[in-house]
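Listed below are the residues making up each chain.
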Amino acid sequence: MSEPRVITYRQALQETIRAELERDENVFVMGEEIGVFEGSYKITAGLLKDFGPKRIVDTPISEEGFVGAAVGAAMLGLRPIVEIMTLNFSLIAIDQIVNHAAKIYGMFGGQSSVPMVIRTPGGGGQQLAATHSQNLEVWYAHIPGMKVVAPSTPADAKALLTAAIRDDDPVLFLENLALYNRKGEVPDGELVAEIGRAAVVKAGTDLTLVSYSRGMVTALEVANAFDEEGISIEVVDLRSLRPLDRETFCDSVRKTSRAVIFEDDMLSYGVGAEIAATIGEGAFDYLDAPVRRVAAAEVPLPYAKPLELAALPDADDLTRVIRETLDASGFRK
Amino acid sequence: MAEPKRREKANPQTGAQPRSRTKPASGANQAPEDSPDTLRGYYEQMVLVREFELKAGEMYARAKIGGYCHLNLGEEATVVGLMAALQPQDYLFTSYRDHGYAIVRGMEPRRVMAELFGRTDGVVGGRGGSMHMFDSELRMLGGYGIVGGQLPPATGAALAIAYRSEPAPDAEAVMCILGDGATNIGAFHESLNLAGLWKLPIVYVIVNNQLGMGTSVDRASAEPDLYKRGAAYRIPGERVNGDDPIVVRDAALAALERARVERQPMILETLSYRLRGHSVVDPAKYRHPDDVEEAKQNDPVPAFRARLAEQGVLDDAAEEQLHKDVEQTVAEAVDFADASPLPSEEELFEFSYATEVANMPNAYPGEPVMAR
Amino acid sequence: MSEVTMPRLSDTMEEGELAKWLKNVGDPVAKGDAIAEIETDKATMELESFEDGVLEQQLVPEGAIVPIGQAVAVIGDGSSAKTPGAAPQPAEQEAAGGKETGEPSEEEPEATPEPEAEEPAGEEPERGAEEPAGEEPGEPASPEPTAAPSGKAAAGLTTGGVSRMSPLARKLARDHGIDPATIEGTGPQGRIIRADVEAAIAAAESEGAPAQQPQEPAPEAPRPQQATPTGAADAKESERVPANRIRMVAAKRLTESQQVPHFFLTAVAELDAFLEFRASINATLESQGVKVSVNDLIVRAAAVTLRRHPEANASWDGDAVLSHNRVNIGVAVATDNGLLVPVIKDADRISLSEVAQRTRALAEKARAGKLALDEMSGGTFSVSNLGMFGITQFTAMLNPPEAGILAVGAATKEPVMRDGALAEVSKLKLTLTVDHRVMDGATGAAFLADLVAVLEKPLGILL
């Protein structure tokens, strides 16, 4: 294996899709504007030219139709990679995802699997207003039969997308508009992650900070700033929302006795709620302060910039809550 | 509830005549090569579906069957005709009214009954129940409980066929069975558009029993001639008498042929009438008694029997013997289902995922999700 | 449907062991019925139902240590009776439950993060065109939610008299035998946090009394892999026997006792008159089937002497001496489970035969583990007698908050010169342990001298 290259998240996705198309002829890509237009976010740029229209399938605006068609194609052994332009539009296909893709394997007694990947970016912050700025991954993470992964780095994007394509279950692969240009080292060659594992991406002793996807950028930025003050934050990247790796973050909390969760999504019923509840079950005796969540304000995300910024959680919010949590437990360096 | 009205004889807007009333002349559509054995075979299958469904209704009342239970009563000719046309290499997707299709496609009646009973010997091990018959070897890829939910996956199956094979007289094709009620949902139109756009080998069969639960077709569809609804997607449609298995079979054969050879998606509408309510628990008070009476007069099972008797293919003794055999099959199915073990709790997480990954779910209610 | 919770059954009890279920799931239960036996820090008590109904659920297995107030059972109309065993993996559940009781926080993590090629964290993301980077951030839309209205915060400070304490602090305090009531919380709204408990532990250590070893997990949760602190490398050299509640509490109380400044006084009493007196008393009482022991007489003698020496029937109370009006003598009783001290109330007022009878009855109950709370509390002075083991002299440890305990040895015959001739005399050595905060040497000596006088002229015992 050669030296890791530094590439963007977008490039990691592109290269991975290409490699899997070359590896397995049952893999094909479908979605809106992925071929001729080369993808709304250019993830599929160049593929139509190299693989042709059979394997790079432009669809009409018809999410329920083509996501459902991917379900049926997967039942017959193909491995569709479906791009939904943004996570918001998955709602139009939700019956096919929740009632069909996620149910078919278990409900039919394991007779047919549904090996498909739904790639889709979520998240707000681009002034796209209420309907185009949502984080709905938790809707799918709630559903048994689904797998939901949310890489935050280019290397994870490669490793988790490879795993998702080769997995025999429906996988919602969460991307984020703000991550596509994130750069990072990516090893060449085969790189397959184990779905269902979180990662401690920064070791620390004083507080556990849990996040995923775009939230990880802010989480690491804040954690590194605390390093300079001599405060040691351990950062856990969930990477997989279903299955959820509860042991990794509970273990971390057992060590640090404090936890803060940073998420782009709304507070109520969110990923943070699940993490906090799990810490209550798995690390109760180790907590020296209440588990805190930093999440979005509960409003339909407004268009106007000051309102949008006010609604979304940012580094300042996270820093403040970390300090409050440290103070609440009498932390002294 | 308002007084039930009689069914319209003709659509007031279009003047279209419901074609269920226009019975073909005896033997008119019958291919000359149908042997007496073939005809008796169809009849036997129709009787089997009839007796099986009557027994299922009884077992539901005896609380052997839980949940929902939708019966094919009154649709026996349609079921048998469609399954006669479907070839072994073809794929079948159906709605939740699926017992008859499962049996005539080839699933053992006793295993279908065991599924209704929720037993380990059920066709999907008791995980699906009445609405979710499935057999991958028979390429029966499922009964689906969400109205119209099967249309996009069925369309995708046709996409997979087109992806990896060329058109040919013996090519694979998909038959997707749906009820009249499913023609108004978005998935119907999206699927038809994709099939028409991509030229997929699929036949959508609209089993028009003229009632979506309690709502008659002309109260639900702006275009009640459902076979015309593919026009917007350049999908040809045909309406046939669903009470005649031979007519249904031949229309389905023709439609499947175009799907295989021309990659031309097709619509086939079969007209029949539910003899019972929407499901076992529906008393069907919304139907006019005269309609019910007329439907009984037109009951496809005795009608086909009379036709075979008339043709000298089935005498009383043979009919009696056939009935006895079917009754025994159904009785054995019940005995088998009753004797089949209930699934054990330990199997609960058996089909969580097709690919095992880290941190698989395995906690029962109330158990801590974390060990400590 | 109502929950049955772990009751508070003694003044020092924080948790109890559900020793035995007396009712099974599905059994009818009447108000007042005993549904379980609870082993507290002092004794085994019965858990009584406050309801009529059916025992629907046993929420904890036998042997579980349960804090006061936590539900142990559900009584209802019987419609939803279920046993914990109905769950599919009871063994796993129990193991999991056991683990929860006391894992040290330094434990090795079981799941190590995969050593997969993980992105180093420091990478600054390059912001794309669609990023809102560089925009002037707006003011937060809402005021900071952190400063809760003080009235509300104060109201939340203590709910039902329970002070706030973080789970970690609670566990630390429990493990180190520190009473949370003695800790001042410095967290938000006075919450006791880890730092507070650690300060309390450090304070205890600096006072010269090492904080107790962390409490071992309750008996049902042994940790076989862990080496004992004394470090027997070969596990076979020592066997680890988990302490029961009685021993645990005794260990805690005696360690506290060791922190009391104290001194010892020893005196010798001639016992011949006393023994003759006892013989004649027993002859008198024989018809009643009562027998008075040497110890009964000593208890009684101590009691009547204490009545005349209120300074010895007292306790230290921080900044004052509590002088007790009643004379209640604790009598140390050895049991299979450990040392218990039932109390003979008003030992100076009740008759000698009553002293004898009560002592006998309480000792029996103690050995059966059936002592009730009030039979063990309220002592003002104790007597410990090892004479039956041939011990002639020893010192006893104070039983706080009592200010004195009398250690009684075996009577010995010694030759003495009396009226110019050698004579054989029975002698008894008595050692008094004295709380120096309550009594000085002279007061202690006065009391002991008086006691010796009573023993030597035993008619006073009856007064």
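Look a little higher up for the structure.
Keep in mind it's a predicted model, so treat the numbers as computed, not measured.

Colleague: An account of the overall build of chain A is needed here, citing residue identities and associated values.
Modeller: If you tally the helices and strands in chain A, you get 12 helices and 14 strands. Scored against the burial criterion, the 333 residues of chain A give a buried share of 69%. Taking the contacts inside chain A whose residues are at least 6 apart along the sequence as the reference set, 82% of them involve residues at least 24 apart. Accessible surface, chain A: about 10200 Å² in total, of which carbon and sulfur atoms supply 54%.

Colleague: Kindly report on the side chain of glutamate 53 of chain B, identifying the contributing residues and their values.
Modeller: Residues and elements named next belong to chain B. With respect to the helices, strands and loops of the structure, glutamate 53 is situated in helix α1 (residues 36–61). Nearest to the buried, unbridged glutamate 53 among oppositely charged side chains is arginine 97, at 6.9 Å. Excluding its chain neighbours within four sequence positions, the residues that come into contact with glutamate 53 are His70, Leu71, Asn72, Leu73, His99 and Gly100.

Colleague: Describe the pattern of salt bridges, and please don't skip the residues or the numbers.
Modeller: Counted by the stated rule, this structure contains 57 salt bridges over all chains. Arginine 18 of chain A serves as the salt-bridge partner of aspartate 50 of chain A, at 2.7 Å between the closest nitrogen and oxygen. You can see aspartate 50 of chain A sitting in helix α2 (residues 47–55) and its partner arginine 18 of chain A sitting in helix α1 (residues 9–23), a full 32 residues away along the chain. A residue is classified by how much of its surface remains accessible, and aspartate 50 of chain A, at 41% relative accessible area, is partly exposed. Under the relative-accessibility criterion, arginine 18 of chain A is labelled partly exposed at 26%. Note that aspartate 338 of chain B and arginine 119 of chain B form a salt bridge whose closest N and O atoms lie 3.7 Å from each other. Remark: arginine 119 of chain B occurs in the loop between α4 (109–116) and β2 (140–143) and aspartate 338 of chain B occurs in helix α11 (residues 316–339); sequence separation between them is 219 residues. Relative accessible area serves as the criterion here: at 35%, aspartate 338 of chain B is assigned to the partly exposed category. One connected set of salt bridges, linked through shared partners, spans Glu20, Arg23, Arg166 and Glu190 of chain A.

Colleague: Lay out the sheet that holds strand β4 (residues 202–208) of chain B in plain terms, naming residues and giving numbers.
Modeller: Residues and elements named next belong to chain B. Spatially, the six strands line up as an open sheet ordered β2-β1-β3-β4-β8-β7, and their pairing is parallel. Looking at which strands have only one partner, the edges of the open sheet turn out to be β2 and β7 (237–241). Within this sheet the neighbouring strands show an average axis-to-axis angle of 15 degrees, counted without direction. One ladder, built from six bridges, connects β4 with strand β8 (residues 266–271); its direction is parallel. Among the inter-strand pairings, valine 205 is bridged to a residue of β8, identified as leucine 268. Set on the sheet, helix α6 (residues 186–198) makes contact with β3 (174–179), β4 and β8; between it and β4 the angle comes to about 150 degrees.

Colleague: Just give me the short version of the nonpolar core, but keep the residues and values in it.
Modeller: In terms of nonpolar packing, the biggest core is built from 159 residues, with Met75 and Met116 of chain A together with Leu82, Phe93 and Met175 of chain B touching the most fellow members. Looking at this core element by element, the count peaks at 11 residues for α1 of chain B. Domain assignment of the residues forming this core places at least three in each of domain 1 (5–186) and domain 2 (199–328) of chain A. Formed by 58 residues, the second largest nonpolar core is a distinct cluster that contains Ile246, Ala303, Val304 and Val452 of chain C.

Colleague: Can you break down the environment of valine 207 of chain B residue by residue, with the values?
Modeller: Residues and elements named next belong to chain B. Relative to the helices and strands, valine 207 is located in strand β4. In the structure, valine 207 is positioned 29 residues away from leucine 178 in sequence and 6.0 Å away in space, judged by C-alpha atoms. If sequence neighbours within four positions are ignored, valine 207 has contacts with Glu75, Thr78, Tyr101, Ile177, Leu178, Gly179, Asp180, Thr270 and Ser272.

Colleague: Can you lay out the packing of helix α3 (residues 63–75) of chain A against α6 of chain B for me, pointing to particular residues and giving the numbers?
Modeller: The relative placement of two packed helices comes down to the angle between their axes together with the axis-to-axis distance. Between α3 of chain A and α6 of chain B, the shortest axis-to-axis distance is 8 Å and the interhelical angle comes to 70 degrees. As summarised for this structure, α3 of chain A and α6 of chain B are arranged roughly perpendicular, according to the angle between their axes. Contacts between α3 of chain A and α6 of chain B pair Glu63, Glu64, Gly65 and Phe66 of chain A from the former with Gly186, Ala187, Glu190 and Leu194 of chain B from the latter. Counted by class, the contact of α3 of chain A with α6 of chain B contains three nonpolar, two polar and three charged residues.

Colleague: Describe helix α12 (residues 315–328) of chain A, naming the residues involved and giving the relevant values.
Modeller: In an α-helix there are 3.6 residues to a turn, and that puts residues three or four apart on one side. Residues and elements named next belong to chain A. The first and last C-alpha atoms of α12 sit 20 Å apart over 14 residues, in line with the 20 Å expected at 1.5 Å per residue. All buried positions along α12 are accounted for by Ala315, Asp317, Leu318, Val321, Ile322, Glu324, Thr325, Leu326 and Ala328. Taken together, the buried residues of α12 touch β10 (207–211), α8 (215–228), β11 (233–237), β13 (259–266) and β14 (292–296). Near the N-terminus of α12, the side chain that reaches the backbone nitrogen of aspartate 316, with its oxygen 3.1 Å away, is that of aspartate 314. Residue glycine 330 follows α12 closely and has a positive phi angle near 60 degrees.

Criteria and thresholds
Residues numbered from 1 in each chain as written. Chains lettered and ligands numbered in written order. Predicted model: local features only at pLDDT ≥ 70, side-chain atom pairs only at ≥ 80, totals over all residues. Heavy atoms only, no water. Helix = DSSP H or I, 4+ residues; strand = E, 2+ residues; numbered from the N terminus. Buried < 20%, exposed > 50% of the residue type's maximum accessible area, 1.4 Å probe, protein only. Contact = heavy atoms within 4.5 Å. Areas by Shrake-Rupley, 256 points an atom, 1.4 Å probe, with all protein chains shown as cover. Lys, Arg positive; Asp, Glu negative; His and termini not counted. Salt bridge = Lys/Arg side-chain N within 4 Å of Asp/Glu carboxyl O. Pairing = 2+ DSSP bridges. Axes fitted to C-alpha atoms, helices over the stretch in contact; angles between N-to-C directions. Core = buried A, V, L, I, M, F, W, Y, C linked by side-chain atoms within 4.5 Å. Domains from an automatic or database assignment. Parallel < 35°, antiparallel > 145°, perpendicular 65-115°, else oblique. Nonpolar A, V, L, I, M, F, W, Y, C, P; charged D, E, K, R; others polar. Expected span 1.5 Å × (residues − 1). Polar contact = N/O pair within 3.5 Å; in protein donor to acceptor, adjacent residues only side chain to side chain.

The values are spatial; any link to function lies outside them.
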